[in-house]
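Breakdown of the fold
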Amino acid sequence: MAVLIVGGAGYIGSHIVKALQKDSREVVVFDNLEKGHMESIPEVPFFQGDLRNKNDVKGVFKKYQIDSVMHFSAYSLVGESMKNPEMYYENHIYGTLNLLTAMKDFSTRHLIFSSTAAVYGEPLKIPINEDHPASPTNVYGETKLAVEKMLNWFDSICGIKSIRLRYFNAAGADPAGDIGELHDPETHLIPIVLAAALGERENITVFGNDYATEDGTCIRDYIHVNDLSEAHILALDYLKSGNNSDMFNLGNGNGYSVKKIIEVAEKITGEKISVRSGRRRPGDPAVLIASSDKAMRVLGWKPGFNDIESIVKTAWKWHRGKAKTWITNKPGTEEQRHKGTKEK
């Protein structure tokens, strides 16, 4: 019996695939390769399909024996969600509905869902714990929250147990340097800063330098992708042990400003990074820091990469090494993949 990793060729999904394999667990990856990379999941059973296609979703459950699911398939650009809300409603809600329907039909009862701190909206208190009101300020966060509510109903009606993991800022790369973070377009701060250090960008733009923080720039909580991976495995084992559905924040509990990230990157890379000042982006809170006490207490989780330098070092190893060798959306071999049908 396998764990189905939906969106497993993406940044976070591929790191969790590696962690599960290291733990000698059988995995199957389901991905449409719109954002993912086949290079990140070598020699992994792979089914190419789209959650918005019911035939694709049913197909992977027919082909493989699936006993649990981890769901990472999502769009994640806040600005894009406010320009094209239909993309986010269709992909997140309709796609997840197809997945839950297939899980119901094939008697698969355990799901780990990749959610986001964006469900909280503007913070009323710092650090943010799970009791904080959920009041999203953008379509991205709103659709993630809608999926969380959908999961509650499928639990109470169909018995599908789920853990919703609300990430703060995922960062870093596997310490071996084989897989890492590569988006197109890239919107995450650390890879953008490292691209500038490599000379792939002339400069970076800091959006807002007049926030009520020590240096005037936004502060965020960065959590290493391998620590996220460990939390997902612990959450799955928690459900399989007979526990009820629940939600957990995942962060380090430490905040670092944009200027601090640039300073750390310059120290690690030995390169001076050119910085431009830009206007604040609408909806950017000054400070976002997680309280992950609940995950530590209930799941027994503890971040291993708990300082920003260790996180940036792993990302730098990846970016100066294999990142350039990856080709976006490169297909796998016929033996490695099963191309899903295209009919809606």
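Everything quoted here is computed from the prediction, not taken from an experiment.

**Quick word on the confidence of the model for the protein**
Chain-level pLDDT for the protein is 92 on average; 94% of the residues reach the 70-or-more range. Here residues 327-344 is modelled with pLDDT under 50, and outside its nearest four sequence neighbours on either side it reaches 40 contacts, counting other chains as well.

**Remarks on the packing of aromatic side chains**
Counted by the stated rule, this structure contains 4 aromatic pairs. For the ring pair Tyr238 and Phe248, a centre distance of 6.3 Å and an interplane angle of 90° mean the geometry is edge-to-face. With Tyr238 in helix α7 (residues 225-240) and Phe248 in strand β11 (residues 246-250), this pair connects stretches of sequence that are 10 residues apart. A relative accessible area of 0% means that Phe248 is categorised as buried. Above the face of the Tyr211 ring, Arg280 is positioned so that its terminal group lies 4.0 Å from the ring centre.

**Some thoughts on unusual backbone geometry**
Generally, phi is negative for residues other than glycine and the peptide bonds are trans, each holding for most cases. A cis geometry characterises the amide bond from Ile126 onward to Pro127, with omega recorded as -5°. Here Pro127 lies in the loop between β5 (110-116) and α5 (139-158). At Leu33, a residue that is not glycine, the phi angle is positive and equals roughly 65°. In this structure, Leu33 sits in the loop between β2 (27-31) and β3 (46-48). Backbone geometry at Glu43 places phi at a positive 60°, although glycine is not the residue there. With respect to the helices and strands, Glu43 occurs in the loop between β2 and β3. A relative accessible area of 74% means that Glu43 is categorised as exposed.

**Structural notes on the packing of helix α6 (residues 189-197) against helix α8 (residues 258-269)**
At a minimum axis separation of 10 Å, α6 and α8 run at an interaxial angle of 40°. Viewed along their axes, α6 and α8 adopt a mutual orientation that is oblique. Once α6 is placed against α8, the crossing between them reads as right-handed. Residues Leu189, Ile190, Val193, Leu194 and Ala197 of α6 pack against Val258, Ile261, Ile262, Ala265 and Thr269 of α8.

Criteria and cut-off values
- Residues numbered from 1 in each chain as written.
- Predicted model: local features only at pLDDT ≥ 70, side-chain atom pairs only at ≥ 80, totals over all residues.
- Heavy atoms only, no water.
- pLDDT = per-residue confidence, 0-100.
- Contact = heavy atoms within 4.5 Å.
- Phe/Tyr/Trp six-rings, centres within 6.5 Å; stacked < 30°, edge-to-face > 60°.
- Helix = DSSP H or I, 4+ residues; strand = E, 2+ residues; numbered from the N terminus.
- Buried < 20%, exposed > 50% of the residue type's maximum accessible area, 1.4 Å probe, protein only.
- Lys NZ or Arg CZ within 6 Å of the ring centre and 35° of its normal.
- Axes fitted to C-alpha atoms, helices over the stretch in contact; angles between N-to-C directions.
- Parallel < 35°, antiparallel > 145°, perpendicular 65-115°, else oblique.
- Left-handed = near helix turned anticlockwise from the far one by under 90°.

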